[in-house]
Amino acid sequence: MTPRAADRARYDRATAHLDAPVAIVDLEAFDDNAADLVRRAAGKPVRVASKSVRCRALLERVLERDGFAGLMSFTLAESLWLARSGFEDVLLAYPSADRGGFAELAADPKLAAAVTVTVDDPAQLELIDRARDGGREEIRVCLELDTSLRLLGGRVRIGALRSPLREPTQLAEMARSVVRRPGFRLVGVMAYEGHVAGVGDAVAGRPLRSRAVRVMQNAARKELAARRAAVVRAVRAVAPDLEFVNGGGTGSVQHTAAEDAVTEIAAGSGLYLPRLFDHYSSFTGRPAALFSQPVVRRPGVGVVTVLGGGYPASGVAGPDRSPVPYLPEGLRYDPQEGAGEVQTPLHGSAADDLLIGDKVWFRHAKAGELCERFDELQLVEGDAVVATAPTYRGEGRTFL
């Protein structure tokens, strides 16, 4: 029996009492992945990206481990909810225009002490001030640095379109905008190098593309390390008491941690290890989050149909954004149908061994987005479900 076949047998036994669709997290794999993130961070604390987990019980579980400290959230409403739930260090990594949320933040000392908001434009500070509605609490602020690699005099950009702040002089001027403005305190700088952390460099069957990605990423890391160090020096000249400099992502943990200017690493997807993180030369992990769909039809030899399964991930539409049939091994989508909203045909010799009602296990393309499809996660140890944990959705929280 292959390791994957053994996992399938465990998951089937653990969930035999549950009808599919069902989502699980293998706690042993989750904990192994957490340990690997800490190892690669080499002594720098890992801040957990909540959007990649979207389950409070699992956020609490990972933060109980040595090497993890703080959360990186994705909306202001989520940040306030997490702070009210007892999480004491929440960095909102994306600018917000939630006026009601800012009014709550400015009126509550506990929330204001726990939540840090990210800005990259003086207009965002102005919006916050207009939203205070009488609240006088000091707002903790983080600046975001654009990490993209620019080539040919800026005519070619590799990396996400995020912050307009790129050069040390721009960050320093934004820092002055914060420190001059009453009611704000500059505490951090963050930079997410998605073109390094989120792009695999060892894609099976595509050696030329993989080599090109490695060349690009090597150049991007060198350029960003020098620029980030200069940015941090420039910002610290304005705000000497800067508390943190955040960088990284699951795919770049060890590289970002090697930069002296960086004080903490951000990561989250590496805990669940969705399929987009299968193609990295620098690390491997264990798939920890899966979902199953039931076999409901057997249309012919070598094909079965499962209920639903069309859970695409965000980003540029393409085959890599679809879930992948994972267990049993050897199943593939019908090229004319793909993953369907209500039904999904699957081809392969493994189909002939599946019976009506059997489970087919899938891996989602991205991490936390799976939790937007399920109210709860079955937490598996060995061949048993040891707990059931609500997702954000299961707690009635769908922030985006």
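Up top is the structure these notes are about.
Read on for a plain summary of the structure. (Residues numbered from 1 in each chain as written. Predicted model: local features only at pLDDT ≥ 70, side-chain atom pairs only at ≥ 80, totals over all residues. Heavy atoms only, no water.)

1. Concerning the packing of aromatic side chains
Right, on to step 1. Here the structure, examined in full by the defined rule, presents twelve aromatic pairs.
Right, on to step 2. Ring plane angle 45° and centroid distance 6.1 Å describe the contact between Phe291 and Phe374, whose orientation is recorded as tilted. Note that Phe291 is positioned in strand 12 (residues 289-300) and Phe374 in the loop between strand 17 (359-363) and strand 18 (376-381), a separation of 83 residues in sequence. Note on accessibility: Phe291 and Phe374 belong to one class, buried. (Phe/Tyr/Trp six-rings, centres within 6.5 Å; stacked < 30°, edge-to-face > 60°. Helix = DSSP H or I, 4+ residues; strand = E, 2+ residues; numbered from the N terminus. Buried < 20%, exposed > 50% of the residue type's maximum accessible area, 1.4 Å probe, protein only.)

2. Comments concerning the pairing of strand 3 (residues 68-73)
Right, on to step 1. Within strand 3, five of the six residues are buried, which leaves the element mostly enclosed by the surrounding structure.
Right, on to step 2. Relative to strand 3, strand 2 (residues 46-49) runs parallel, the two sharing three bridges. From the neighbouring strand, Ala49 faces strand 3, where its bridge partner is Met72.
Right, on to step 3. Once you follow strand 2 into helix 3 (residues 56-63) and on to strand 3, the crossover reads as right-handed.
Right, on to step 4. Bridge count for strand 3 against strand 4 (residues 90-92) is three bridges, and the pairing is parallel. Bridge pairing in strand 4 links Ser73 to Leu92.
Right, on to step 5. In this region the chain leaves strand 3, passes through helix 4 (residues 76-84) and returns to the parallel neighbour strand 4; the handedness of that crossover is right-handed. (Pairing = 2+ DSSP bridges. Right-handed = clockwise from strand over helix to strand, strands pointing away.)

3. A short note on the layout of surface pockets
Right, on to step 1. Here the largest pocket is characterised by a volume of approximately 1,400 Å³.
Right, on to step 2. Lining the largest pocket are 46 residues; nearest its centre among them are Tyr192, Gly198, Leu276, Arg321 and Lys366.
Right, on to step 3. Secondary structure elements with two or more residues in the lining of the largest pocket: strand 3, helix 9 (194-197) and strand 11 (264-267).
Right, on to step 4. Top contributing element to the lining of the largest pocket by residue count: helix 9, with three residues.
Right, on to step 5. Looking at the lining of the largest pocket, its residues break down into 20 nonpolar, 16 polar and ten charged. (1 Å grid on protein atoms, 1.4 Å probe; cavity = no way out; pocket = protein on both sides within 12 Å on 5 of 7 lines; lining within 4 Å. Points joined across faces, edges and corners; volume = space filled by probe spheres on them. Nonpolar A, V, L, I, M, F, W, Y, C, P; charged D, E, K, R; others polar.)

4. Topic: the pattern of salt bridges
Right, on to step 1. All told, the structure shown has 37 salt bridges when counted by the stated rule.
Right, on to step 2. A salt bridge links Glu104 to Arg84; the shortest N-O distance between them is 2.7 Å. Placement of the pair is Glu104 in helix 5 (residues 99-107) and Arg84 in helix 4, with a sequence separation of 20 residues.
Right, on to step 3. The exposure class assigned to Arg84 is partly exposed, which follows from its relative accessible area of 45%.
Right, on to step 4. The closest approach of N and O atoms between Arg393 and Asp375, which form a salt bridge, is 2.8 Å. Taken together, the positions of Arg393 in the segment after strand 19 (384-390) and Asp375 in the loop between strand 17 and strand 18 put the pair 18 residues apart, joining distant regions of the chain. (Salt bridge = Lys/Arg side-chain N within 4 Å of Asp/Glu carboxyl O.)

5. Details of the packing of helix 8 (residues 168-179) against helix 10 (residues 207-238)
Right, on to step 1. Direction vectors running N to C along helix 8 and helix 10 enclose 25°, while the axes themselves pass 8 Å from each other. Here helix 8 lies roughly parallel to helix 10, going by the angle between them. In this structure, helix 8 crosses over helix 10, and the sense of that crossing is right-handed. Residues Pro168, Leu171, Ala172, Ala175, Arg176 and Val179 of helix 8 form the contact with helix 10, whose own contacting residues are Ala230, Val231, Ala234, Val235 and Val238. (Axes fitted to C-alpha atoms, helices over the stretch in contact; angles between N-to-C directions. Parallel < 35°, antiparallel > 145°, perpendicular 65-115°, else oblique. Left-handed = near helix turned anticlockwise from the far one by under 90°. Contact = heavy atoms within 4.5 Å.)

6. Remarks on the environment of Leu355
Right, on to step 1. By the secondary structure assignment, Leu355 is in the loop between strand 16 (343-347) and strand 17.
Right, on to step 2. Among the residues examined, Leu355 registers a relative accessible area of 54% and is labelled exposed.
Right, on to step 3. Along the primary structure Leu355 and Val296 are separated by 59 residues, whereas in three dimensions their C-alpha atoms are 8.5 Å apart.

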